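Structural characterization, general
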Amino acid sequence: MRVIVVLIFSLIIQSIAVSDAQSPKVIGSWNLEITFANDEHRSVRFDARADGKGSLVAADPRSKVWDGSKPSEAQWSRGEENSITFSGAVEFLLGNIGRDAGTLTCKGKFETPDSITGEAEFSPLVGERPSKHGTFKGVRGAR
């Protein structure tokens, strides 16, 4: 009886270790909420595909009706300890007619398999403006 209990206990511990070692899956849609240091808020959708490829698109309510808000190519990569980095071009609306085109880079970690948090940087493509720095939270979109 004692041997069976020890065997069952060791199998349980082994299965817990295996499930903890599996890293969260990146592939799928992610809804990102970004807050820059100037308290500017932006919404972005990140669609991750296989082989480190994906797309980014502004997802603010006004952007959905703007014709220029089309997905652009993005790249992503996994790091150690459930970290992830993704980046790509994105255009944010400025007022009613302007746009702010640049490169968005997000570096974060999985909090849960369906949640990522980390730091965001937006580097404008036009003008001599400095990059914007902030934080982001991403949640997995509907499957």
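Above this text is the structure in question.
Residues numbered from 1 in each chain as written. Predicted model: local features only at pLDDT ≥ 70, side-chain atom pairs only at ≥ 80, totals over all residues. Heavy atoms only, no water.

Observations regarding unusual backbone geometry
Peptide bonds are trans in most cases, and residues, glycine excluded, mostly fall at negative phi. The phi torsion at Asp39 lies on the positive side, around 70°, for a residue other than glycine. With respect to the secondary-structure elements, Asp39 resides in the loop between strand 1 (28-36) and strand 2 (41-48). The phi torsion at Asp51 lies on the positive side, around 60°, for a residue other than glycine. Of note, Asp51 is situated in the loop between strand 2 and strand 3 (53-58). (Helix = DSSP H or I, 4+ residues; strand = E, 2+ residues; numbered from the N terminus.)

Side note on the pattern of salt bridges
Tallied over the full model, the rule gives nine salt bridges. Between Arg45 and Asp47 there is a salt bridge, with its nearest N and O atoms 2.9 Å apart. The residue Lys132 makes a salt bridge to Asp100 at a minimum N-O spacing of 3.5 Å. Of the two residues, Lys132 is situated in strand 8 (residues 132-140) and Asp100 in strand 6 (residues 98-112); the sequence distance between them amounts to 32 residues. Across this residue pair, the class does not change: Lys132 and Asp100 are buried. Within the structure, one salt-bridge network assembled from shared partners comprises Glu40, Arg42, Asp100, Arg129 and Lys132. (Salt bridge = Lys/Arg side-chain N within 4 Å of Asp/Glu carboxyl O. Buried < 20%, exposed > 50% of the residue type's maximum accessible area, 1.4 Å probe, protein only.)

Focus on the environment of Asp100
Classification of Asp100 by relative accessible area gives buried; the value is 2%. Along the backbone, Asp100 and Pro124 are 24 residues apart, and their C-alpha atoms lie at a distance of 6.9 Å. The contact partners of Asp100, leaving out residues within four places of it in the chain, are Val90, Glu91, Phe92, Leu94, Phe122, Pro124, Arg129 and Lys132. A polar atom in the side chain of Asp100 sits 2.8 Å from the side chain of Arg129. (Contact = heavy atoms within 4.5 Å. Polar contact = N/O pair within 3.5 Å; in protein donor to acceptor, adjacent residues only side chain to side chain.)

A look at the nonpolar core
Counting residues in each nonpolar core, the largest one holds 23 residues, and the members touching the most others are Phe46, Phe86, Leu104 and Phe136. Looking at this core, the elements with two or more residues in it are strand 1, strand 2, strand 3, strand 4 (72-78), strand 5 (83-94), strand 6 and strand 7 (115-124). The contact partners of Phe46, leaving out residues within four places of it in the chain, are Gly28, Ser29, Trp30, Leu32, Ser55, Leu56, Ala74, Trp76 and Phe86. (Core = buried A, V, L, I, M, F, W, Y, C linked by side-chain atoms within 4.5 Å.)

Some points on the packing of aromatic side chains
Aromatic rings in a pair are described by how distant their centres are and how their planes are angled relative to each other. Applying the stated rule across the entire model yields four aromatic pairs. Ring centres of Trp30 and Phe110 lie 5.9 Å apart, and the angle between their planes is 70°; this geometry places the pair in the edge-to-face category. Of this pair, Trp30 sits in strand 1 while Phe110 sits in strand 6; the two residues are 80 residues apart in sequence, bridging distant segments of the chain. Like Trp30, the residue Phe110 is buried in the burial classification. Centroid distance Phe46 to Phe86: 4.2 Å. Interplanar angle 10°. Geometry classified as stacked. With a gap of 40 residues between them, Phe46 in strand 2 and Phe86 in strand 5 connect regions that are remote in the sequence. Both residues of the pair, Phe46 and Phe86, belong to the buried class. What links up through ring pairs into an aromatic cluster is the set Phe46, Phe86 and Phe136. (Phe/Tyr/Trp six-rings, centres within 6.5 Å; stacked < 30°, edge-to-face > 60°.)

So, the environment of Gly134
By the secondary structure assignment, Gly134 is in strand 8. Between the alpha carbons of Gly134 and Cys106 there is a distance of 9.5 Å; along the sequence they are 28 residues apart.

Overview of the sheet that holds strand 1
The strand order around the closed barrel built from eight strands is 1-2-3-4-5-6-7-8, with neighbouring strands paired in antiparallel fashion. Direction aside, the axes of adjacent strands within the sheet are offset by 30° on average. As paired elements, strand 4 and strand 5 share five bridges and run antiparallel to each other. By the bridge assignment for strand 5, Trp76 is matched with Phe86. (Pairing = 2+ DSSP bridges. Axes fitted to C-alpha atoms, helices over the stretch in contact; angles between N-to-C directions.)

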